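Structural overview
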Amino acid sequence: MLTRIRRLALDGLRLFQDERLELGPPPSGPDLHLVVGDSGTGKTTLCHGLRLALYGTTPWVSAANVSLPRHEAADGPVPATVAAEVEAPNGHHRVERTLTEGTPDGSGDASVGPPRVERWGDDGPWLDVEDAETAARGLAPPETEAILVNDPGLQRVAQPTGWAPIAQGLVSAAAAARGAPDGERATPSDCWAEFRTHLERYVDVVGLASRYEVSVDDEPFGVAVAPADGSPAGRASMATGETIRFGLAMTLAAGDVAGVPQWFDAPLGRLDRTARTGAIAGLEAAAERRQVVVVPHQGSLAEHPDLRRAAATEHRLELVDTDRGTITRVDDR
């Protein structure tokens with residue numbers, strides 16, 4: 001079971017050239033990290049890089065995603081390397097994968113190589129793990145991708161079909177994560193009661209609008225949202241901001257059941273000030289128990305009164321903690 005992502009290194013992936021994002025433990029307060037930057041500065045690429053490192057997947061695995069400047073200077077295929085350092089109950093690990101262009105001219109799909117997994121020895125240094133595939137799956141079972149790296153805003157697309165299928169998927173992912181340390185799988189039904197408890201708490205914290213009622217039934221995967229006035233309006237009538245907030249509450253609840261860190265590529269700019277404050281409260285509540293990393297679209301959290309950001313630097317992104325912590329940045333190494 002994953003507990004913390006402490007470093008993400010990217011080399012040759014889109015804008016990133018031999019750069020590392022450090023996510024050390026905060027000196028005080030929750031383990032909450034926010035990465036802010038203007039559009040096109042690489043925020044979403046960080047999330048895709050983490051998915052590549054841990055799972056070997058990303059929505060845009062293609063030659064076009066390998067760094068253009070390096071491609072222009074090369075005569076053959078150009079590789080991009082991503083690596084994530086993970087603090088897990090069974091030790092500190094580093095998972096690395098390489099993305100390579102399919103053809104020298106940059107056309108066609110790229111391929112993702114097998115993982116290389118290293119474990120920090122009792123007395124150091126890093127030691128190769130022999131069965132890297134098994135080790136990588138133990139650190140990040142494929143099912144957990146749905147809750148470890150996600151965009152709660154995407155759930156608004158599936159929302160008209162009902163929230164119960166989404167809940168079932170999230171609880172199934174949480175069950176897979178819970179069984180990862182010792183190879184024994186929990187079942188979604190085993191996790192349902194705990195998920196329900198967490199969800200009800202996050203709905204209160206995040207604060208859905210009063211015109212909606214949330215019901216979570218005892219029957220497994222019974223989750224529904226309906227207009228509070230009893231009108232026959234369909235599910236699709238739920239406002240976009242409310243679907244984002246409820247999707248966030250559901251995903252945070254699943255993360256609590258799984259005990260994994262969570263990275264949110266979050267469209268929080270779609271929320272008004274009150275809704276954004278509720279979303280941040282939910283993220284902070286989750287970060288009291290585990291690591292939460294938020295990559296808000298278009299730097300939407302940068303102007304929130306509870307946050308601060310450093311002055312502009314030569315770097316594309318800034319890693320921002322709440323006022324209880326400190327501000328660092330993406331380092332060139």
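The rules behind the values
Residues numbered from 1 in each chain as written. Predicted model: local features only at pLDDT ≥ 70, side-chain atom pairs only at ≥ 80, totals over all residues. Heavy atoms only, no water. Helix = DSSP H or I, 4+ residues; strand = E, 2+ residues; numbered from the N terminus. Buried < 20%, exposed > 50% of the residue type's maximum accessible area, 1.4 Å probe, protein only. Contact = heavy atoms within 4.5 Å. Axes fitted to C-alpha atoms, helices over the stretch in contact; angles between N-to-C directions. Parallel < 35°, antiparallel > 145°, perpendicular 65-115°, else oblique. Expected span 1.5 Å × (residues − 1). Polar contact = N/O pair within 3.5 Å; in protein donor to acceptor, adjacent residues only side chain to side chain. Pairing = 2+ DSSP bridges. Phe/Tyr/Trp six-rings, centres within 6.5 Å; stacked < 30°, edge-to-face > 60°. Lys NZ or Arg CZ within 6 Å of the ring centre and 35° of its normal.

The helix and strand inventory of the protein chain stands at nine helices and 16 strands. Every one of the 333 residues in the protein chain was classed for burial, and the buried ones make up 51%. Across the protein chain, contacts joining residues at least 24 apart in sequence account for 67% of those joining residues at least 6 apart.

Our focus in this paragraph is the packing of helix α8 (residues 240-258) against helix α9 (residues 273-287). Axis separation between α8 and α9 bottoms out at 11 Å; the angle between their running directions is 5 degrees. Between α8 and α9, the crossing angle belongs to the class labelled roughly parallel. Contact with α8, carried on its side by R245, L248 and L252, involves A275, A279, G282, L283 and A286 of α9 and no other residues of that element.

Our focus in this paragraph is helix α6 (residues 164-178). Over its 15 residues, α6 extends 21 Å from the first C-alpha to the last, a length consistent with the 21 Å expected when each residue adds 1.5 Å. Inspection of α6 places I166, A167, L170, V171, A173, A174, A175, A176 and A177 among the buried residues, and these make up the whole buried set.

Looking now at the environment of T144. Within the secondary structure layout, T144 lies in the loop between α3 (132-139) and α4 (145-148). Along the sequence, T144 and A177 sit 33 residues apart, while their C-alpha atoms lie 6.0 Å from each other. Residues in contact with T144, not counting those within four places in the same chain, are Y55, A173, A176 and A177. A polar atom in the side chain of T144 sits 2.8 Å from the side chain of Y55. Polar side-chain contacts of T144 include one of 2.6 Å to the backbone oxygen of P141.

Before going further, it helps to examine unusual backbone geometry. Trans peptide bonds make up most of the peptide bonds, and negative phi angles are found at most residues other than glycine. The backbone phi angle of D18 is positive, close to 50 degrees, even though this residue is not glycine. With a relative accessible area of 37%, D18 lands in the partly exposed category. A positive phi is found at F221, a non-glycine position, where the angle reads about 70 degrees. As for its position among the elements, F221 is in the loop between β10 (212-216) and β11 (223-227).

So, on to the pairing of strand β5 (residues 91-100). Of the two faces of β5, the one holding G91, H93, V95, R97 and L99 is buried and the one holding H92, R94, E96, T98 and T100 is not buried anywhere. As defined by bridge partners, strand β4 (residues 79-88) adjoins β5 across 10 bridges and the pair is classed as antiparallel. Bridge pairing in β5 links V86 to H93. Connecting β4 to the next strand, β5, in antiparallel fashion are two residues. As judged from the four bridges shared by β5 and strand β7 (residues 116-120), these two strands associate in the antiparallel manner.

Looking now at the packing of aromatic side chains. In total, this model carries four aromatic pairs according to the counting rule given. When the centroid spacing of 5.5 Å and the interplanar angle of 35 degrees are considered together, the rings of W192 and F195 count as tilted. Separated by three residues within a single helix, W192 and F195 lie in helix α7 (residues 188-206), roughly one turn from each other. Residue W192 shares its accessibility class with F195, and that shared class is buried. Centroid distance W192 to F221: 5.5 Å. Interplanar angle 75 degrees. Geometry classified as edge-to-face. In this pair, W192 is assigned in helix α7 and F221 in the loop between β10 and β11, connecting sequence segments 29 residues apart. By the burial criterion, W192 is buried, and F221 matches it. Taken together, the ring pairs connect W192, F195 and F221 into an aromatic cluster. Sitting over the face of the ring of W126, R94 holds its NZ or CZ atom 4.5 Å from the ring centroid. For R201, the ring lying beneath its charged end belongs to Y202, and the centroid distance is 5.0 Å.

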